[in-house]
Amino acid sequence: MRLLVVGGSGFLGAELVRQAAAAGHEVAATCHTRPGRDEGVAWSPLDVRRRPDVEALVAAYRPEAVVNAAYRQHDWATTATGAANVALAAAAAGSRLVHVSSDAVFSGAAIRYDETCAPDPITPYGAAKAAAETVVAAVAPSAVIARTSLIVGDGGSAQERLVHDLAAGRAKGVLFTDDVRCPVHVADLAAALLELAASGRHGVHHVAGADALSRYELGLLIARRDGLDPDRLPAGRRAESGVPGPLDVRLECDATRRLLRTTLRGARRFLQPHP
């Protein structure tokens, strides 16, 4: 497969690039500032907010599939407008599109959300992700919109860095006990996205882990895996913190899991302590 990974230098994007190259795909990737170091990968700087640049890059490379993993949590133009630019360029080039979305599109009022649930965001980031979903579905109806949750890895994720910083006293704050998500391992997520890119699937798919955990419970698992003192992790409640955002959002992934060969492990499984 001739594949373009937009946002290839991010945490998820880097794993997509690594797995795709290892599988023998012809891979190109974009970065905002610094390219990756994967051998055989064609890197290009790209600001997805600039529609002419996006169109020119996709038209020149003419990928069979595009996976868009680019976003900035506090930048509407990157998350929403950038997604529109990528969708328009992919449609013009006849490229299959897999757009990575988020459980942030939901308010948490329903707690459990399957692929048929409509977005009801309550944060600017969630609204930007919901807007991106709307334009992708309109511009590229054959695209996959893949909603995921907290992405964790083997030490490189933002959540893991926060746990280490809190345990070492390098950061202030708490891990919320009432903020529940379905964490997914970056390797499982990347494998599932590449599988969807190579398939004939379209529409909304939920690609998250099998376990629903609070951010505090997730932090405890990370601490125990990495040999940190879990008692050093401060706990608190989002509902009492004044920090905006949904509380309990659980992506129901059964419909998508039945379609995939990739196993979407739960955090209790992939965060087992090292032997």
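As a reminder, the structure under discussion sits directly above these lines.
Rules used in this analysis
Residues numbered from 1 in each chain as written. Predicted model: local features only at pLDDT ≥ 70, side-chain atom pairs only at ≥ 80, totals over all residues. Heavy atoms only, no water. Helix = DSSP H or I, 4+ residues; strand = E, 2+ residues; numbered from the N terminus. Rg over C-alpha atoms; globule rule 2.2 N^0.38 Å. Buried < 20%, exposed > 50% of the residue type's maximum accessible area, 1.4 Å probe, protein only. Contact = heavy atoms within 4.5 Å. Areas by Shrake-Rupley, 256 points an atom, 1.4 Å probe, with all protein chains shown as cover. Lys, Arg positive; Asp, Glu negative; His and termini not counted. Charge placed at Lys NZ, Arg CZ, Asp CG, Glu CD. Pairing = 2+ DSSP bridges. Axes fitted to C-alpha atoms, helices over the stretch in contact; angles between N-to-C directions. Parallel < 35°, antiparallel > 145°, perpendicular 65-115°, else oblique. Nonpolar A, V, L, I, M, F, W, Y, C, P; charged D, E, K, R; others polar. Polar contact = N/O pair within 3.5 Å; in protein donor to acceptor, adjacent residues only side chain to side chain. Core = buried A, V, L, I, M, F, W, Y, C linked by side-chain atoms within 4.5 Å.

### Description of the overall build of the protein chain
Within the protein chain, the regular secondary structure consists of nine helices and 15 strands. Its C-alpha radius of gyration of 18 Å places the protein chain within 12% of the 19 Å reference for a compact globule of 275 residues. C-alpha atoms of the protein chain, sized along the principal axes, occupy 55 × 40 × 35 Å. In the protein chain, buried positions account for 52% of the 275 residues. Summarising the internal contacts of the protein chain: among those between residues at least 6 apart in sequence, 77% fall at separations of at least 24. Total accessible area on the protein chain is roughly 12,300 Å²; 51% of this is exposed by carbon and sulfur atoms. Distance between charge centres in the protein chain, computed from 31 positive and 30 negative side chains, equals 2 Å.

### So, the sheet that holds strand β5 (residues 96-102)
The seven strands are arranged β3-β2-β1-β4-β5-β7-β12 in an open sheet whose pairing can be described as parallel. Two strands lie at the open edges of the sheet, namely β3 (42-45) and β12 (203-206), each paired on one side alone. Adjacent strand axes in the sheet meet at a mean angle of 20 degrees when their direction is disregarded.

### Topic: the packing of helix α5 (residues 158-168) against helix α7 (residues 215-225)
Axis separation between α5 and α7 bottoms out at 10 Å; the angle between their running directions is 75 degrees. What the angle tells us is that α5 and α7 run roughly perpendicular. Residues Q159, E160 and V163 of α5 form the contact with α7, whose participating residues are R215, L218, G219, I222, A223 and R225. Its residues placed into classes, the contact of α5 with α7 shows four nonpolar, two polar and three charged.

### Things to note about the environment of D178
Position of D178 among the secondary structure elements: in the loop between β9 (175-176) and β10 (180-181). Taking C-alpha positions, D178 is 8.1 Å from G236, a pair spaced 58 residues apart along the chain. Ignoring anything within four residues of it in the chain, the contact list for D178 reads G236, R237, R238, A239, L247 and D248. In this structure the side chain of D178 is engaged in a polar contact, spanning 3.0 Å, whose partner is the backbone nitrogen of A239.

### Quick notes on the nonpolar core
In this structure, L3, L12, L16, V17, V67, L193 and V207 are the most contacted members of the largest nonpolar core, which totals 30 residues. Of all the secondary structure elements, the ones that give two or more residues to this core are β1 (2-6), α1 (11-22), β2 (26-31), β4 (65-68), β5, β7 (144-148) and α6 (186-197). Here the element with the most residues in this core is α6; it accounts for eight residues. Setting aside residues up to four positions removed in sequence, V67 forms contacts with L3, L4, V5, V6, L16, V98, V100 and A197. By size, the runner-up hydrophobic cluster in this structure holds 21 residues, among which are V58, Y61, V86 and A90.

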